[in-house]
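This is what each chain is made of:
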Amino acid sequence: MRRRDSVASVREFVRRAAEEWGPGGRVDDVVLCASELAANAVVHGVPAGRGYLVRVERAGGARAAAGLRIEVHDSGDGRDGVRLSGAAGAAGAVGGEVSEESGRGLIIVNALADRWGVSVRQPGKIVWCEFAAGGDLGSQ
């Protein structure tokens, strides 16, 4: 549900998955990005009384060298709330504003993940990021 303490559960869940079949020494990056995406869903993407879904899967197929894909599904207003902004055009904040206390989640995801993006769903959106196991995941 829409509770800030749910983000801690996301971190634990994603850490277990990343340690089991994730991209080598990048577990902390994977967990941090999942945490940021979940926090954004709680704050910006989940209407009152609704929850969000976190999905972890191997990116690039089931082969041993596959990377990891994290998806956060919410039922908010959709893609419009996720924009690029921030210093020097880096991927930025949900809602487009970066303040001293918020708005850095997607800047962090952009810096750490190999790829990230937003997909529309009905209702809401999916914000996702991918981590390659040892190589490039390809173009976005």
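See the structure shown above.
Per chain, the residues get numbers from 1 upward, laid out in the order the sequence is written. Local features in this predicted model are restricted to residues of pLDDT 70 or higher, and side-chain atom pairs are both shown and tallied only at a pLDDT of 80 or more, whereas totals for entire chains, interfaces and linings draw on every residue. Water and hydrogen atoms were dropped before computing side-chain values, which therefore reflect all heavy atoms in the structure.

Chemist: Which residues make up the overall build of the protein, and what are the values?
Modeler: Looking only at helices and strands, one finds 3 helices and 4 strands in the protein. The N-to-C order of helical and strand elements in the protein reads α-α-β-β-α-β-β. Scored against the burial criterion, the 140 residues of the protein give a buried share of 45%. The contact definition used throughout considers only heavy atoms, calling two residues in contact when any of these lie within 4.5 Å. Of the contacts made within the protein by residues no fewer than 6 positions apart, 56% connect residues no fewer than 24 positions apart. For the accessible areas, the method is Shrake-Rupley and the probe is 1.4 Å, while residue cover comes only from the protein chains on display. Summed over its atoms, the accessible surface of the protein is roughly 7,400 Å², and 47% of this surface lies on carbon and sulfur atoms. A run of DSSP states H or I qualifies as a helix once it reaches four residues; a run of E qualifies as a strand once it reaches two. Both are numbered from the N-terminal end. Here's how the labels work: a residue is buried when its accessible area is under 20% of the maximum for its type, exposed when over 50%, partly exposed in between, all with a 1.4 Å probe on protein chains only.

Chemist: Residues and numbers for the pairing of strand β2 (residues 67-74), please.
Modeler: Of all 8 residues in β2, 8 are buried, a share of seventy percent or more. Neither face of β2 is exposed, since G67, R69, E71 and H73 on one face and L68, I70, V72 and D74 on the opposite face are all buried. Here 7 bridges tie strand β1 (residues 53-59) to β2, and the two strands are oriented antiparallel to one another. Note on β2: the bridge partner recorded for R55 is E71. For two strands to be treated as a pair, DSSP must find no fewer than two bridges joining them.

Chemist: Requested: an account of the nonpolar core, with residues and values cited.
Modeler: To form a nonpolar core, buried Ala, Val, Leu, Ile, Met, Phe, Trp, Tyr and Cys residues must be joined to one another through side-chain atoms within 4.5 Å. One finds V14, Y52, I70, V109 and C129 to be the most contacted residues of the largest nonpolar core, which totals 29 residues. The element best represented in this core is helix α2 (residues 27-45), accounting for 9 residues. Those residues within four positions of I70 in sequence are excluded, and the remaining contacts are V14, V30, A34, R55, V56, V127, W128 and C129.

Chemist: Now, about unusual backbone geometry: what can you tell me, with residues and values included?
Modeler: Cis geometry marks the peptide bond from Q122 to P123; its omega dihedral reads -5°. Structurally, P123 is set in the loop between β3 (115-120) and β4 (125-131).

Chemist: Report on helix α3 (residues 105-112), specifying residues and quantitative values.
Modeler: When we look at burial in α3, the residues that qualify are G105, L106 and V109. When α3 is viewed along its axis, its buried side chains cluster within an angular range of 85° and face the same direction. Structurally, α3 contributes buried residues whose contacts are with α2, β3 and β4. Read the arc as the range of directions from the helix axis to the C-beta atoms.

Chemist: Let's hear about helix α1 (residues 6-21): which residues, and what values?
Modeler: In an α-helix, one turn spans 3.6 residues; hence positions three or four apart end up facing the same way. Take the number of residues in a helix, subtract one, and multiply by 1.5 Å to get its expected span. For α1, with 16 residues, the first-to-last C-alpha span of 23 Å sits near the 22 Å given by 1.5 Å per residue. Residues of α1 that are buried include every one of S6, V7, V10, V14, A17 and A18, and no others. Seen along its axis, α1 keeps its buried residues to an arc of 100°; they face one direction. Away from the buried face of α1 by more than 90 degrees, exposed residues R16, E19 and E20 are located.

Chemist: Got a sec to walk through the environment of E19? Specific residues and values, please.
Modeler: Topologically, E19 is positioned in helix α1. Given a relative accessible area of 54%, E19 falls into the exposed group. Residues E19 and V30, 11 residues apart in the sequence, show an inter-C-alpha distance of 9.9 Å.

Chemist: If you had to explain the packing of α1 against α2 to someone new, which residues and values would you point to?
Modeler: Only the stretch in contact is used when a helix axis is fitted, and all axes are lines through C-alpha atoms; the angle between N-to-C directions ranges over 0 to 180 degrees. Between α1 and α2, whose axes approach to 9 Å, the crossing angle comes to 150°. Overall, the two elements α1 and α2 adopt an arrangement that is roughly antiparallel. Regarding α1 and α2, the two cross each other, and that crossing is right-handed. Residues S6, V7, V10, R11, V14, R15, A18 and E19 of α1 touch α2, and the partners they reach there are V27, D28, V30, V31, A34, S35, A38, A39 and V42. Taken together, the residues of the contact of α1 with α2 break down into 11 nonpolar, 2 polar and 4 charged. For classification purposes, angles smaller than 35 degrees are called roughly parallel, those larger than 145 roughly antiparallel, those between 65 and 115 roughly perpendicular, and all remaining angles oblique. Take the far helix as your reference; a near helix turned counterclockwise from it by less than a right angle gives a left-handed crossing, and one turned clockwise gives a right-handed crossing. Each residue receives one of three labels: charged for Asp, Glu, Lys and Arg, nonpolar for Ala, Val, Leu, Ile, Met, Phe, Trp, Tyr, Cys and Pro, and polar for the others, Gly being one of them.

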